[in-house]
Structure formats: C-alpha cells, structure tokens
Amino acid sequence: MTQTGLLARIEAKPEHAAQVQELLENALELARQETQTVTWYSFRLGPTSFGVFDTFNDEAGRQAHLNGKIAAALTEITPTLLAGAPDIQKVDVLAAKLP
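Residues numbered from 1 in each chain as written. Predicted model: local features only at pLDDT ≥ 70, side-chain atom pairs only at ≥ 80, totals over all residues. Heavy atoms only, no water.

## Some points on the pattern of salt bridges
Threshold: Salt bridges, as used here, are contacts in which a Lys or Arg side-chain nitrogen is within 4 Å of a carboxyl oxygen on Asp or Glu. A run of H or I in DSSP becomes a helix once it reaches four residues, and a run of E becomes a strand once it reaches two; helices and strands are each numbered from the N terminus. Type-normalised accessible area, obtained with a 1.4 Å probe on protein chains alone, sets the label of each residue: buried when under 20%, exposed when over 50%, and partly exposed for intermediate values.
Per the counting criterion, the structure on display carries 3 salt bridges. With a shortest N-O distance of 2.7 Å, glutamate 29 and arginine 32 are connected by a salt bridge. On the criterion of helical spacing, the pair formed by glutamate 29 and arginine 32 is a turn pair, its members being 3 residues apart in helix 1 (residues 17-33). Taking the relative accessible area as the measure of exposure, glutamate 29 reaches 44% and is therefore partly exposed. The residue lysine 90 makes a salt bridge to glutamate 59 at a minimum N-O spacing of 3.5 Å. Of this pair, lysine 90 sits in strand 4 (residues 87-92) while glutamate 59 is found in helix 2 (residues 59-66), placing the two residues 31 residues apart along the sequence. Within the structure, one salt-bridge network assembled from shared partners comprises Glu59, Arg62 and Lys90.

## Digging into the pairing of strand 3 (residues 49-56)
For the record, the criterion: A pair of strands is considered paired only if DSSP assigns at least 2 bridges between the two.
Within strand 3, 7 of the 8 residues are buried, which leaves it mostly tucked inside the rest of the structure. Both strand 1 (residues 4-11) and strand 3 contribute to a ladder of 8 bridges, which runs antiparallel. Looking at the pairing, glycine 5 lines up with threonine 55 of strand 3. Alignment of strand 2 (residues 37-44) against strand 3, held across 7 bridges, turns out to be antiparallel. Pairing of arginine 44 across the sheet is with phenylalanine 50, part of strand 3. The antiparallel pairing of strand 2 with strand 3 creates a hairpin that spans 4 residues between the two strands.

## Let's talk about the environment of glycine 61
Using the following cut-off: For this analysis, residues touch if any pair of their heavy atoms sits within 4.5 Å.
Inspection of the secondary structure assignment puts glycine 61 in helix 2. Spatially, the C-alpha atoms of glycine 61 and leucine 81 are 28 Å apart, while their sequence positions differ by 20 residues. If we ignore the near neighbours within four places in the chain, the residues touching glycine 61 are Gln36 and Phe56.

## Notes on the sheet that holds strand 2
Spelled out, the test is: What counts as an axis is a line fitted to C-alpha atoms, over the stretch in contact for a helix, and the angles between N-to-C directions run from 0 to 180 degrees.
A sheet is described by the order of its strands in space; here 4 strands give the open sequence 2-3-1-4, paired in antiparallel fashion. Taken across any chain shown, the strands that pair with only one partner, and hence form the sheet edges, are strand 2 and strand 4. Each strand of the sheet is rotated relative to its neighbour by a mean of 15 degrees, with strand direction disregarded. With 6 bridges connecting them, strand 1 and strand 4 associate as antiparallel partners.

## Re the nonpolar core
Note on soluble globular proteins: their nonpolar side chains tend to be buried together. So the rule is basically this: Throughout, nonpolar core names a set of buried Ala, Val, Leu, Ile, Met, Phe, Trp, Tyr and Cys residues whose side chains join them through atoms within 4.5 Å.
Counting residues in each nonpolar core, the largest one holds 16 residues, and the members touching the most others are Ile10, Val20, Leu24, Trp40, Phe50, Val52 and Ile77. For this core, the secondary-structure elements that each account for two or more residues are strand 1, helix 1, strand 3 and helix 3 (69-81). No other element matches helix 1, which puts 5 residues into this core.

See below:
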C-alpha cells in the first residue's frame, strides 16, 4: 500500500489562472514518467485555486518527486504566475481504496 504522499495548494494570479491550469494538465505526462510516483492528481478548487495530490510507496519516492521536473516547473512559475509559493505538505496515507 502507498504510505506517503504530498498535498500541494497552488494559488494563481487571477490573470494567469488559465496558464496554471494548462501547466497542471500538461504535468500529467511528467508524472507518468516518474517510476516512483504511484498516483498523481491535479485539481481545481476555485477560479484561481488549484491543487496536486500524489502518493508514493516510500520516502525515497516522495523525495524523488520533490526533486523532479514538476516541482522545478512550479518553482519556475512562482514569481510570474502564482500569487505566492505553493503550500506543499507531506502527508501519511492512512487508508486507500485502490483499483
């Protein structure tokens, strides 16, 4: 069972919400390339609020993701497209329903 995860909240500048949405939609391909990422979801919470939730089998997988291309892309767009730095929290998965 996946035991570790990340929950990121992302707030776009209003004039850049569409660009942030596009970046998150396109990031799916990057997530698919990460062999240690078990699940990856991006979602919209409101007009300018977005999030990402992903899971990993262990801490090594989580750290690999934090050092990967998606995190680098978020860091790169923070000054121009985001209202502030993403709020990224480490989570422990207590239970999961998997296919």
